[in-house]
Amino acid sequence: MEAKRYDRQAAWELLCEYTKSEALRRHALAVEAAMRACAARYGGPEADPEEWGALGLLHDLDYELHPTPDQHPYRGAEILRARGYSEDFVRAVLGHASYTGVTRDTPMARALFACDELCGFLVACALVRPSRSFADMEVSSVRKKLKDKAFARNVNREDIHQGAAELGVALDEHIAFVISALRPVERELGLGR
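Residues numbered from 1 in each chain as written. Predicted model: local features only at pLDDT ≥ 70, side-chain atom pairs only at ≥ 80, totals over all residues. Heavy atoms only, no water.

Chemist: Would you explain unusual backbone geometry in this entry?
Modeler: The bulk of non-glycine residues show a negative phi, and the bulk of peptide bonds are trans. Omega for the bond connecting His72 with Pro73 falls within 30 degrees of zero, at 5 degrees, which places this linkage in the cis form. One can find Pro73 in the loop between α3 (49-58) and α4 (74-82). Unusually for a residue other than glycine, Arg132 sits at a positive phi of about 50 degrees. Tracing the backbone shows Arg132 in the loop between α6 (107-127) and α7 (139-147). (Helix = DSSP H or I, 4+ residues; strand = E, 2+ residues; numbered from the N terminus.)

Chemist: When you look at helix α8 (residues 157-167) in this model, what are you seeing that I'm missing?
Modeler: Residue pairs three or four apart in sequence face the same way in an α-helix, which turns once every 3.6 residues. When we look at burial in α8, the residues that qualify are Arg157, Asp159, Ile160, Gly163, Ala164 and Leu167. One side of α8 holds all its buried residues, which, seen down the axis, span an arc of 165 degrees. Summarising the geometry of α8, the exposed residues directed more than 90 degrees from the buried face are Glu158 and Ala165. Where α8 is buried, its residues touch α2 (22-42), α6, α7 and α9 (171-182). Two or three places before Glu158, at the opening of α8, Asn156 has a side-chain oxygen 2.9 Å from that residue's backbone nitrogen. Just beyond α8, the residue with positive phi is Gly168, at close to 80 degrees. (Buried < 20%, exposed > 50% of the residue type's maximum accessible area, 1.4 Å probe, protein only. Arc of directions from axis to C-beta. Contact = heavy atoms within 4.5 Å. Polar contact = N/O pair within 3.5 Å; in protein donor to acceptor, adjacent residues only side chain to side chain.)

Here it is in structure tokens:
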């Protein structure tokens with residue numbers, strides 16, 4: 001079987017077919033940007049940034065219609081298999097939710113897990129900044145917000161810490177890396193001025 005070629009427009013259209021919420025689409029865009037950056041840093045010379053980006057776009061494809069743990073991300077995995085996505089791709093989608101029990105056994109799967117919750121948290125941090133931007137965001141301010149359990153309370157802090165650990169990088173380094181990956185797309189995320 002020929003390897004799937006990843007087409008960004010096709011991935012975006014698939015996301016939009018199942019996800020109507022602007023907030024969820026923006027989350028997908030944030031994770032896409034982080035994953036593209038991760039492809040170069042963690043994927044090695046054979047990593048396809050289009051594949052990694054598509055994974056970022058599509059990892060929560062089913063969440064709007066199937067938000068419960070008994071359905072998400074399982075329904076998304078079924079959709080992606082039916083559309084011809086590789087088993088590594090589908091396993092990465094399944095593995096981004098720890099409760100599935102699917103191991104994150106590829107750099108791509110580990111990167112998705114490490115970026116997903118962190119992207120949501122960083123966007124929340126940007127939204128409360130006077131600049132509403134990543135441009136002046138510092139790791140120290142993100143770390144301070146991570147300690148505030150009332151702030152962005154739906155973000156799983158354990159997953160953020162575990163994600164960096166699974167990548168084998170210090171949390172501060174990972175936060176700085178993802179902030180820099182999100183800066184170029186902040187307008188698409190509804191941020192900046």
